Amino acid sequence: MSLERPIAPDPYDLLPPVPSFTLTSEDVRDGEPMDVEFAHLSVGGENLSPQLAWSDFPAETRGFVVTCFDPDAPTGSGFWHWVLVNVPVSVTQLPRGAGSEATAGGVAGGGAFSVRTDYGSHGYGGAAPPAGDRPHRYVFAVHALDVDRLDVSPESTPAVVGFNLAFHTLARATIRPTFAVKE
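Residues numbered from 1 in each chain as written. Predicted model: local features only at pLDDT ≥ 70, side-chain atom pairs only at ≥ 80, totals over all residues. Heavy atoms only, no water.

As named in an unreviewed UniProt entry, the chain is YbhB/YbcL family Raf kinase inhibitor-like protein, taken from Polymorphospora lycopeni. UniProt, in the comment section headed Sequence similarities (unreviewed entry), describes the chain in these words: "Belongs to the UPF0098 family." (UniProt positions renumbered as here; feature names shortened; annotations may be inferred.)

A. Quick look at the overall build of the chain. In terms of helices and strands, the chain carries 2 helices and 10 strands. The secondary structure elements of the chain, listed N-terminal to C-terminal, are β-β-β-β-β-α-β-β-β-α-β-β. Relative to the compact-globule value of 16 Å for 183 residues, the chain shows a C-alpha radius of gyration of 15 Å, a close match. Within the chain, contacts between residues at least 6 apart in sequence are counted, and of these 76% link residues at least 24 apart. A total of about 8,600 Å² of accessible surface is found on the chain, and carbon and sulfur atoms cover 55% of it. Side-chain charges of the chain comprise 11 positive and 22 negative groups, with the mean position of each set lying 2 Å from the other. (Helix = DSSP H or I, 4+ residues; strand = E, 2+ residues; numbered from the N terminus. Rg over C-alpha atoms; globule rule 2.2 N^0.38 Å. Contact = heavy atoms within 4.5 Å. Areas by Shrake-Rupley, 256 points an atom, 1.4 Å probe, with all protein chains shown as cover. Lys, Arg positive; Asp, Glu negative; His and termini not counted. Charge placed at Lys NZ, Arg CZ, Asp CG, Glu CD.)

B. Looking closely at the pattern of salt bridges. Inspection of every chain in the model, using the stated rule, returns 7 salt bridges. When the shortest N-O distance is used, the salt bridge between Arg-137 and Asp-72 registers 2.6 Å. In this pair, Arg-137 is assigned in strand β7 (residues 136-137) and Asp-72 in the loop between β3 (63-70) and β4 (79-88), connecting sequence segments 65 residues apart. Residue classification places Asp-72 among the buried residues on the basis of a relative accessible area of 3%. The network of salt bridges with shared partners includes Asp-27, Glu-37 and Arg-96. (Salt bridge = Lys/Arg side-chain N within 4 Å of Asp/Glu carboxyl O. Buried < 20%, exposed > 50% of the residue type's maximum accessible area, 1.4 Å probe, protein only.)

C. Quick look at the side chain of Thr-67. Here Thr-67 shows up in strand β3. A polar side-chain atom of Thr-67 sits 3.1 Å from a polar atom in the side chain of His-143. With residues up to four places along the chain from it excluded, the contact list for Thr-67 reads Tyr-12, Trp-80, Trp-82, Val-83, Val-139, Phe-140, Ala-141 and His-143. (Polar contact = N/O pair within 3.5 Å; in protein donor to acceptor, adjacent residues only side chain to side chain.)

D. Local environment of the sheet that holds β3. Strand order across the open sheet formed by 5 strands is β6-β4-β3-β8-β9, with antiparallel pairing between neighbours. Unpaired on one side and paired on the other, β6 (113-114) and β9 (169-175) mark the two borders of the sheet. For β4 and β6, the ladder comprises 2 bridges, and the chain directions are antiparallel. Note on β6: the bridge partner recorded for Leu-84 is Ser-114. (Pairing = 2+ DSSP bridges.)

Below is the structure:
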């Protein structure tokens, strides 16, 4: 079986443009390989979400959503690794490991929760591209919202969250580290 295929577009290039703001991390860098600790257990990782911090978002921001998406997954629809919704505007950083299903609401505060990822579980699911495939991009995004909360539940799909984001995103900040598993 061959995994040869065109490179998928960046998902946010396909949406109406919005302003950007600053997203930084002590753990991952734009365009650089992630450490294995941020990878899924199935590929020898620790399944820890990286530390993220954001600033300079629009003054009218009322809340945030944090996502991680792999557009390079050989699925035709990419792969959602994390969708943390209803993060209060007072939260401007998440420590390493905040994506754990058990800690997400407590760390992000104010009723934040994760919807089910493409792994079928809630919380962060680390990188796990097929062995031998080209490096995959992991698009960590923080979406600044014009509402306090999206009208979604923990059982909503990432696509439903994304649809709601299309109507409520004031600005978006991204970091795109990569990860590959050698054969």
